[in-house]
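# Notes for the structure review
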Amino acid sequence: MELERYSEYDNPLIWPIISILKEKPSGWMIHTLSEALKQKDLLTTLDEDPEKDLFKRNFLLMNALYQLQEMLLPDQWLQAQAMDICLSDNLSGDHNQIDIDDPLRSYYLDWQNYNTDTDVIKSLLSSFWKRYQSYIGTGTIQSVTAQPEDYALLELSTDASPAQVRRQWRKLALRWHPDRPNGDAEQFRKICEAWQRLNSQI
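Reference entry: report on the structure contained in this document. Predicted, not measured: the structure shown is a model, and the values here were computed from it.

Calculation criteria
Residues numbered from 1 in each chain as written. Predicted model: local features only at pLDDT ≥ 70, side-chain atom pairs only at ≥ 80, totals over all residues. Heavy atoms only, no water. Helix = DSSP H or I, 4+ residues; strand = E, 2+ residues; numbered from the N terminus. Expected span 1.5 Å × (residues − 1). Buried < 20%, exposed > 50% of the residue type's maximum accessible area, 1.4 Å probe, protein only. Contact = heavy atoms within 4.5 Å. Polar contact = N/O pair within 3.5 Å; in protein donor to acceptor, adjacent residues only side chain to side chain. Phe/Tyr/Trp six-rings, centres within 6.5 Å; stacked < 30°, edge-to-face > 60°. Core = buried A, V, L, I, M, F, W, Y, C linked by side-chain atoms within 4.5 Å.

## Details of helix α9 (residues 185-199)
An ideal rise of 1.5 Å per residue puts 21 Å on 15 residues; α9 measures up with 21 Å between its terminal C-alpha atoms. Taken together, the buried positions of α9 are Phe188, Ile191, Cys192, Glu193, Ala194, Trp195, Gln196, Arg197 and Leu198. Buried residues along α9 sit in contact with α2 (14-23), α6 (118-136), α7 (148-153) and α8 (162-176). With a side-chain oxygen lying 3.0 Å from the backbone nitrogen of Glu186, the N-terminal cap of α9 falls on Asp184.

Given below as structure tokens:
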């Protein structure tokens, strides 16, 4: 999958963005989406320098939007423009592929452009996961070690590669997200927890 060349990390902001866009599919700009996430306590100050804080919040949001754009095709189209963010059905099939040559997309999917080191990024995304766990009502994960049951929950064999785990996680999380058709909140929580355990060792 082309997306994986750019995105080393799964951005937890993807999942609350789905909920926000279900409630209101259009009329969003990057700063209003940022404010909506802050009101849900899912996006806090990222840097003491106001300019760097703005850049980092915009980077995380655009990264999540570009990842989500690919995940939702071919059923839905997510317009990922900073001043015009909207989600629509893709019934006519007008949008059937991603513009992989879009320089903005390439920039925001490359985590090196976040301007910090790998450990800081991992710590940042881990803190987002904890906030999101609290938001969706799931408890603290007791074990940080992946179990065979986690692979089974993701419908994978225990010898699945990291790339296979990542692809399957995205597929099932999108299927079971409570704001998706036929979603299931409890199953989504279980998928989230299994992914976090697996992701800690891959």
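Okay, back to it.
## Considerations on the side chain of Gln76
Structurally, Gln76 can be placed in strand β1 (residues 76-81). A polar atom in the side chain of Gln76 sits 2.3 Å from the side chain of Arg180. If we skip the residues at most four places from it in the chain, Gln76 touches Leu87, Ser88, Asp89, Asn90 and Arg180.

## Here we look at unusual backbone geometry
Cis peptide bonds are those with omega within 30 degrees of zero, and the linkage from Leu73 to Pro74 qualifies with 5 degrees. Located in the positive-phi region is Asp41, a residue other than glycine, with phi close to 60 degrees. As for its placement among the helices and strands, Asp41 is situated in the loop between α3 (30-39) and α4 (50-72). One non-glycine residue, Asn182, adopts positive backbone phi at about 60 degrees. Locating Asn182 in the fold gives a position in the loop between α8 and α9.

## Overview of the packing of aromatic side chains
On inspection of all chains with the given rule, the structure shows 15 aromatic pairs. Seen from their ring centres, Phe55 and Phe59 are 6.2 Å apart, and the 45 degrees between their planes marks the pair as tilted. Pair noted here: Phe55 and Phe59 are both in helix α4, with a separation of 4 residues, about one helical turn. By relative accessible area, which is 30% here, Phe55 ends up partly exposed. When its relative accessible area of 0% is taken as the criterion, Phe59 is described as buried.

## With respect to the nonpolar core
Burial of nonpolar side chains together is a common tendency in soluble globular proteins. Within the largest apolar cluster, 56 residues are counted, with the highest numbers of intra-cluster contacts made by Leu13, Trp15, Ile17, Leu60 and Leu65. Take this core: its biggest share by element is 10 residues, from α4. Once residues within four sequence positions are removed from consideration, Leu65 is found in contact with Ile17, Ile30, Leu33, Leu78, Ala80 and Ile85.

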